[in-house]
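Working through the structure, step by step
One-letter residues, chain by chain:
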Amino acid sequence: MRKLTYFIACSIDGFIGDESGDASFMYPFVDEEFFQFLKTEYPETMSSGGRRALGLDDLENQKFDTVIQGRASYDVGLKEGMTSPYAHMREYVASRTLKESPDPHVEIVSEDVVAKVRALKAEESGLGVYLCGGSVLAGELLDEVDELVIKTYPVVIGSGMPMFGSGFAVTEFTLEDVRTFKNGVLVRTYSRKR
């Protein structure tokens, strides 16, 4: 059984963006040291367009071979003309409103996203499934999340889009690792207590 990992950036107070999901205030923290970490350990989490622009198309996937994201998350790239933001992985978009994929490489999951994720986790593979966001999808999949990798940026924003758009539920995770960077970013890795 492979893992579903929610690899997400957030503020100190747990928001992944403002109310509309804009997280551009986090971009300045991707300095040379932090970028090197992402490039080495999580290169597949960089969009295909970003990888291409940086000359990193040849980087091998380290942790994931499949990505699932919500419609709002997908729309961020779609507005910029990116119909396949993670072409270096199998791509799924959970959406009840988007009936037809704008790209043959992207599969739309319009019904029972939990069952789809369970099927993906049951596949034979040495790599896991990357839950890219957003908040609503993470809330729907909370019971399926096996690992959290939280990139916490040294800012407080007061309100915005929470990491999990779900009702109150206590779900325990065990801290596995904390990595600190000179710019104040923390990367915490948690595994789910089962």
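Here we summarise the structure given alongside this text. (Residues numbered from 1 in each chain as written. Predicted model: local features only at pLDDT ≥ 70, side-chain atom pairs only at ≥ 80, totals over all residues. Heavy atoms only, no water.)

On to the pairing of strand β9 (residues 173-180), then. In this structure, β9 lies alongside strand β10 (residues 186-192), joined through seven bridges in antiparallel fashion. The residue of β10 that forms the bridge with Thr-180 is Leu-186. The hairpin formed by β9 and β10 contains five residues between the paired strands, and Gly-184 there has a positive phi angle of roughly 95°. (Pairing = 2+ DSSP bridges. Helix = DSSP H or I, 4+ residues; strand = E, 2+ residues; numbered from the N terminus.)

In the structure shown here, the tally under the stated rule is twelve aromatic pairs. Consider the rings of Phe-29 and Tyr-153, whose centres lie 5.8 Å apart with planes at 45°: the pair is tilted. With Phe-29 in the loop between β2 (15-17) and α1 (32-41) and Tyr-153 in the loop between β7 (147-152) and β8 (161-162), the pair connects residues that are 124 residues apart, well separated along the chain. Accessibility assignment for this pair places Phe-29 and Tyr-153 in one class, buried. By way of ring pairs, the aromatic residues Phe-7, Phe-29, Phe-34, Phe-37, Tyr-42, Phe-64, Tyr-86, Tyr-130, Tyr-153 and Phe-181 are connected into one cluster. When the ring centre of Tyr-42 is taken as reference, the NZ or CZ atom of Lys-63 above it lies at 5.2 Å. (Phe/Tyr/Trp six-rings, centres within 6.5 Å; stacked < 30°, edge-to-face > 60°. Buried < 20%, exposed > 50% of the residue type's maximum accessible area, 1.4 Å probe, protein only. Lys NZ or Arg CZ within 6 Å of the ring centre and 35° of its normal.)

In this section: the pattern of salt bridges. Tallied over the full model, the rule gives 15 salt bridges. One salt bridge connects Lys-3 with Glu-147, and the closest N-O pair in it is separated by 3.3 Å. Of this pair, Lys-3 sits in the segment before β1 (4-10) while Glu-147 sits in strand β7; the two residues are 144 residues apart in sequence, bridging distant segments of the chain. Among the ionic pairs, Glu-172 bridges to Lys-193, the shortest N-O distance being 3.1 Å. With Glu-172 in the loop between β8 and β9 and Lys-193 in the segment after β10, this pair connects stretches of sequence that are 21 residues apart. Linked through salt bridges whose partners overlap, the residues forming this network are Arg-118, Lys-121, Glu-144, Asp-146 and Arg-194. (Salt bridge = Lys/Arg side-chain N within 4 Å of Asp/Glu carboxyl O.)

Once that is clear, we can look at helix α4 (residues 113-122). Burial in α4 covers these residues: Val-113, Val-117, Leu-120 and Lys-121. Summarising the axial view, the buried residues of α4 lie within an arc of 100°, below the 170-degree limit, and thus occupy one face. Each element contacted by the buried residues of α4 is listed here: β1, β3 (64-70), β4 (90-94), β5 (106-109), β6 (128-133) and α5 (135-140). (Arc of directions from axis to C-beta. Contact = heavy atoms within 4.5 Å.)

Together, Leu-175, Val-178 and Leu-186 make up an exposed nonpolar region whose accessible area comes to about 220 Å². Position of Leu-186 relative to the elements: it lies in strand β10. Residue classification places Leu-186 among the partly exposed residues on the basis of a relative accessible area of 31%. (Patch = residues over 30% accessible without salt bridge, like charges linked within 9 Å, V, L, I, M, F, W, Y side chains within 5 Å. Areas by Shrake-Rupley, 256 points an atom, 1.4 Å probe, with all protein chains shown as cover.)

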